[in-house]
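# Notes for the structure review
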Protein chains: 2
Amino acid sequence: MPADSVRVFAPATVANVVCGFDILGFAVERPGDEVRMTRRPAPGVRITRISGDEGRLPLAAERNTVSASVQMLLRHLGREDEVGVDIELHKQMPIGSGLGSSAASTVAGLWAINELLGRPLSALELLPFAMQGEELACGAGHADNVAPALLGGMVLIRSYAPLDVVRLPAPALHCAIVYPHVEVPTRDARQLIRQTVSLKDAVTQWGNVAGLVSGLFLNDIGLIGRSMQDVLVEPVRAMLIPGFYRLRELALQAGAIGFGISGSGPSVFAFAPDEATAAAITEQLRQHLASLGVGSQGYVSAINQQGPRVL
Amino acid sequence: MPADSVRVFAPATVANVVCGFDILGFAVERPGDEVRMTRRPAPGVRITRISGDEGRLPLAAERNTVSASVQMLLRHLGREDEVGVDIELHKQMPIGSGLGSSAASTVAGLWAINELLGRPLSALELLPFAMQGEELACGAGHADNVAPALLGGMVLIRSYAPLDVVRLPAPALHCAIVYPHVEVPTRDARQLIRQTVSLKDAVTQWGNVAGLVSGLFLNDIGLIGRSMQDVLVEPVRAMLIPGFYRLRELALQAGAIGFGISGSGPSVFAFAPDEATAAAITEQLRQHLASLGVGSQGYVSAINQQGPRVL
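Bear in mind the structure is a predicted one, so any value in this text is a computation, not a measurement.

This brings us to the pattern of salt bridges. Under the defined criterion, the tally for this structure stands at 26 salt bridges over all chains. Here Glu 115 of chain A makes a salt bridge to Arg 119 of chain A, at a shortest N to O gap of 2.8 Å. Residue Glu 115 of chain A is classed as buried on the basis of its relative accessible area, which comes to 18%. According to the relative accessible area criterion, Arg 119 of chain A is exposed, its value standing at 57%. Here Arg 7 of chain B makes a salt bridge to Glu 34 of chain B, at a shortest N to O gap of 2.7 Å. Linking Arg 7 of chain B in strand 1 (residues 5-15) with Glu 34 of chain B in strand 2 (residues 24-40), this pair joins segments that are 27 residues apart in sequence. Residue Arg 7 of chain B is classed as partly exposed on the basis of its relative accessible area of 31%. In the salt-bridge network here, residues are joined through shared partners; they are Arg 40, Arg 46 and Asp 86 of chain A.

This is the structure in structure tokens:
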């Protein structure tokens, strides 16, 4: 008999992974979001409390991605007239940071309802509902945050129609993540990108994508690093991030294996061989941002291998 | 003490592998080309005989890619004023077929001179000379035929500057190859391709590239097959191949795992789970071409794992 109440943590995620625009993403151990979900006798999905969002997220159940995706799942299972839950959402990561904030919340909610119902669906089966949540939050049903948040590790979305998701080996690397306190909404970041590209640049890009995927399977850290280059999207998005190219230089000098924008930014991330190096990189990047008058948050994390977890 | 004479076979190759335009290629066991090279006391590189080319290839040493690349290698080693060789080139595969004909000849020649000199260079070190040979033959120094011809198996060219070549696991599959007797010179086939592409199509393409590479590492035949789709180059090049889409349909109906154009065509290839299926596919495709009034040659081959071999 499933419990009446559950607390679930779902991880932040780094989409794109530099060269893999719209097809790659990975999960980190921290930060992430927490959902506490409790069954009620009366049917219906309610958001009873949100913390950590500075009042930015809607409590209205149909407009909040967490409750909306839970409702969709209940409808799919034919249990919307029977099951009732109260949801507390505890945001433990910044909104609009490029770290998959809405994905973490949505995935935590879906994981929680699935737990309360006795796990009728697999992680992969939860994915379409999480994507619908993303559509509500970001205007597009991308999977490169929700898929790694749900599955953990490094995930490839080979195709959307039909949906084809492949779990890749996650490297035994540590992650430096820095969120500079500037605003880059996902919608705007996407609109900046040119909708046509030169075939030459596209070939360069898929050479790097193939190199990165090969490096992950071969556990070839050098190849992973050499492949973490983006000739198409980064040059545009870098303009939204204060001192981006200097941040890269500092990260690489401090021992980063690769460096780039997390999702649509403004957060940046670096792979590092160990936790101490990741911590040093995070510190250096934050210092440089401070010297530019930009506040920031820093995280040091291993790669999350398991996806969400019940607390 | 190295021998005074050597015979070398180098394999035909399938470049692009459908989605991996300009970055992927693999070698087959047959067809291929043979070079017989014999040392002479007087310095200089001579082509003494070419068979199987229907008189199409130049005997003049500086215009023939085999002798020209051998000369470049000798110059690089500082031995051009000392070493002399006579070269016989026995073409055992069609020219202009999209099967890496010039690459096979060039690689056989470089492998032969390296053998005669006691192997001063590794296979990877021979690659730049083979690429210069390709530049002479095709007007561009691509590596997606010469790299798999030299290294065997499935090869990724992640980057050209600097040159970064990765050996991928070759699938335990068989290959059906059919060369329809129509002329598609590489230069023209390249000029047909649009030089700008939509970002959306590019994302689809690198999703498939990542899927194919993952499928090779995971030995996931289904994923390999699903990833063998090309939304950018094939739609243009298919027009040069009689009945292309019907050929695909026939191949897939006959059990092909994937089907596409070999290099710039007009040859087509299919992956098949076993030799009998590959043979049946080859036969069906040839029959259909015959019904269109197009003659063809067919090959059935395993994937070549070792590259060139001394006969």
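What follows deals with the sheet that holds strand 10 (residues 268-272) of chain A. Residues and elements named next belong to chain A. Read across the sheet, 4 strands follow the order 9-10-7-11 without closing on themselves; strand pairing throughout is antiparallel. The open sheet has two edge strands, strand 9 (258-261) and strand 11 (296-302), and neither has a second partner. Each adjacent strand pair in this sheet contributes to an overall mean axis angle of 15°, direction not counted. Here strand 9 runs beside strand 10; their pairing, made up of 4 bridges, is antiparallel. Note that in strand 10 the partner of Ile 261 across the bridge is Val 268. Across the sheet, helix 10 (residues 275-291) is in contact with strand 7 (174-180), strand 9, strand 10 and strand 11; its angle to strand 7 comes to roughly 15°.

Further remarks concern the UniProt feature "binding site: ATP" (unreviewed entry) in chain A. Residues and elements named next belong to chain A. In the numbering used here, UniProt assigns the "binding site: ATP" (unreviewed entry) feature to Pro 94, Ile 95, Gly 96, Ser 97, Gly 98, Leu 99, Gly 100, Ser 101, Ser 102, Ala 103 and Ala 104. Counting through the fold element by element, Ser 97 comes out in the loop between strand 4 (84-91) and helix 2 (101-116). By relative accessible area, Ser 97 is classed as buried at 1%. Apart from residues no more than four positions distant in its own chain, Ser 97 is found in contact with Tyr 179, Gly 265, Pro 266 and Ser 267.

Looking at where Ser 67 of chain B falls in the secondary structure, it is placed in helix 1 (residues 65-76). The spacing of Ser 67 of chain B and Glu 134 of chain B is 67 residues in sequence and 12 Å in space, taken between C-alpha atoms.

Moving on: the UniProt feature "domain: GHMP kinase N-terminal" (unreviewed entry) in chain A. Taking the UniProt record as the reference, the feature "domain: GHMP kinase N-terminal" (unreviewed entry) is found at residues 64-153 of chain A. Helix makes up 56% of residues 64-153 of chain A and strand 9%, and the two end C-alpha atoms of the span are 26 Å apart.

To go from the first copy of the chain to the second, apply a rotation about an axis and then a shift along the same axis. Its rotation angle being 180°, the transformation that places chain A on chain B also includes 0.0 Å of axial translation and leaves an RMSD of 0.0 Å. This pairing of chains is accounted for by a two-fold axis.

This next bit is on the interface of chain A and chain B. On the side of chain B, 35 residues touch chain A, which itself brings 35 residues to the contact. Interface of chain A and chain B: buried area, both sides summed, is about 2,700 Å²; carbon and sulfur atoms make up 73% of it. Between the two partners, chain A and chain B, sit 2 salt bridges. One salt bridge connects Asp 164 of chain A with Arg 226 of chain B, and the closest N-O pair in it is separated by 2.7 Å. Between chain A and chain B we count 11 residue pairs in polar contact (both at pLDDT 80 or more) in total. Tallying contributions element by element places helix 6 (residues 199-218) of chain A first for the side of chain A that touches chain B, with 14 residues. Looking at the side of chain A that touches chain B residue by residue, the class counts come to 19 nonpolar, 11 polar and 5 charged. Sheet topology note: the strand 8 (residues 196-198) of chain A/strand 8 (residues 196-198) of chain B ladder contains 3 bridges and is antiparallel. Looking across to strand 8 of chain B, one finds that Ser 198 of chain A is bridged to Thr 196 of chain B.

The next point concerns the sheet that holds strand 7 (residues 174-180) of chain B. All names here are of chain B. As summarised here, the arrangement of the 4 strands in space is 9-10-7-11, forming an open sheet in which the pairing is antiparallel. Each of the sheet's edge strands pairs with one partner strand only, and the pair in question is strand 9 (258-261) and strand 11 (296-302). Put simply, the sheet's adjacent strands are angled 15° from each other on average, direction ignored. Here strand 7 pairs with strand 10 (residues 268-272) via 5 bridges, running antiparallel. Counterpart to Ile 177 in the pairing with strand 10 is Phe 269. Its contacts with the sheet put helix 9 (residues 244-253) on strand 9 and strand 10, and the angle it makes with strand 9 is roughly 155°.

What counts, and at which threshold
- Residues numbered from 1 in each chain as written.
- Chains lettered and ligands numbered in written order.
- Predicted model: local features only at pLDDT ≥ 70, side-chain atom pairs only at ≥ 80, totals over all residues.
- Heavy atoms only, no water.
- Salt bridge = Lys/Arg side-chain N within 4 Å of Asp/Glu carboxyl O.
- Buried < 20%, exposed > 50% of the residue type's maximum accessible area, 1.4 Å probe, protein only.
- Helix = DSSP H or I, 4+ residues; strand = E, 2+ residues; numbered from the N terminus.
- Pairing = 2+ DSSP bridges.
- Axes fitted to C-alpha atoms, helices over the stretch in contact; angles between N-to-C directions.
- Contact = heavy atoms within 4.5 Å.
- UniProt positions renumbered as here; feature names shortened; annotations may be inferred.
- Least-squares fit on C-alpha atoms with pLDDT ≥ 70 in both.
- Buried area = accessible area lost by both parts, 1.4 Å probe.
- Polar contact = N/O pair within 3.5 Å; in protein donor to acceptor, adjacent residues only side chain to side chain.
- Nonpolar A, V, L, I, M, F, W, Y, C, P; charged D, E, K, R; others polar.

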